[in-house]
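One-letter residues, chain by chain:
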Amino acid sequence: MTEPEPLRRRDPAWVWYSLAAGAIALLLILHLTGVLDRLGP
């Protein structure tokens, strides 16, 4: 018996971990270059 439509599997966790690591790296780069300092008061 084959299912006509295979069940959709959840994305593997490494996708979310890599997105989070990329976001943290982007914030770190913006912080080190001083871009975030200009946004404050």
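Reading guide: rules and limits
- Residues numbered from 1 in each chain as written.
- Predicted model: local features only at pLDDT ≥ 70, side-chain atom pairs only at ≥ 80, totals over all residues.
- Heavy atoms only, no water.
- Helix = DSSP H or I, 4+ residues; strand = E, 2+ residues; numbered from the N terminus.
- Buried < 20%, exposed > 50% of the residue type's maximum accessible area, 1.4 Å probe, protein only.
- Areas by Shrake-Rupley, 256 points an atom, 1.4 Å probe, with all protein chains shown as cover.
- Expected span 1.5 Å × (residues − 1).

Colleague: Before we go on, may I ask you to explain the overall build of the protein in this structure?
Modeller: When you go through the protein residue by residue, the secondary structure sums to one helix and zero strands. Within the protein, the proportion of its 41 residues that are buried is 2%. Just so you have it, the protein exposes about 4400 Å², and 67% of that area is on carbon and sulfur atoms.

Colleague: Help me understand helix H1 (residues 13–33) in this model?
Modeller: Because each turn of an α-helix spans 3.6 residues, side chains separated by three or four positions in sequence point in the same direction. End to end, H1 covers 30 Å across 21 residues, agreeing with the expected 30 Å (1.5 Å per residue, within 8%). Looking one or two residues past H1, Gly 34 carries a phi angle of roughly 90°, positive in sign.

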